[in-house]
Amino acid sequence: MAPRTTKPKKPFTSTEPAACKPCGGTGNVPTTVRVGRKRRPVGQQDGLCLNCLGSGTDPDA
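Peer 1: Can you tell me about a nonpolar patch on the surface, naming the residues and giving the values?
Peer 2: Side chains of Leu48, Leu50 and Leu53 sit close together on the surface and give an oily, nonpolar patch of about 380 Å² of accessible area. With respect to the secondary-structure elements, Leu50 resides in the segment after strand S2 (40-48).

Structure, rendered in structure tokens:
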């Protein structure tokens, strides 16, 4: 019978996925609301983050 070999243990890594940078992990980004013929900005509303598609996790991680 072959002798048993032990593999070195991997270092502990975080179990939480990295947060998306543009939205900060919320999945929403502020979007400017424009009105009128001259398209003047009047405020902001929440829009879907196009980097993570609303999940809040970094897609490159």
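Peer 1: Any chance you could break down the pairing of S2 for me, citing the residues and the numbers?
Peer 2: The side chains of a regular strand alternate, residue by residue, between the two faces of the sheet. Strand direction decides the pairing type here: strand S1 (residues 28-35) and S2, joined by 8 bridges, are antiparallel. Bridge pairing links Val33 to Gly43 in S2. Hairpin connection from S1 to S2: 4 residues lie between these consecutive antiparallel strands, with Gly36 at a positive phi of about 85 degrees.

Reading guide: rules and limits
- Residues numbered from 1 in each chain as written.
- Predicted model: local features only at pLDDT ≥ 70, side-chain atom pairs only at ≥ 80, totals over all residues.
- Heavy atoms only, no water.
- Patch = residues over 30% accessible without salt bridge, like charges linked within 9 Å, V, L, I, M, F, W, Y side chains within 5 Å.
- Areas by Shrake-Rupley, 256 points an atom, 1.4 Å probe, with all protein chains shown as cover.
- Salt bridge = Lys/Arg side-chain N within 4 Å of Asp/Glu carboxyl O.
- Helix = DSSP H or I, 4+ residues; strand = E, 2+ residues; numbered from the N terminus.
- Pairing = 2+ DSSP bridges.

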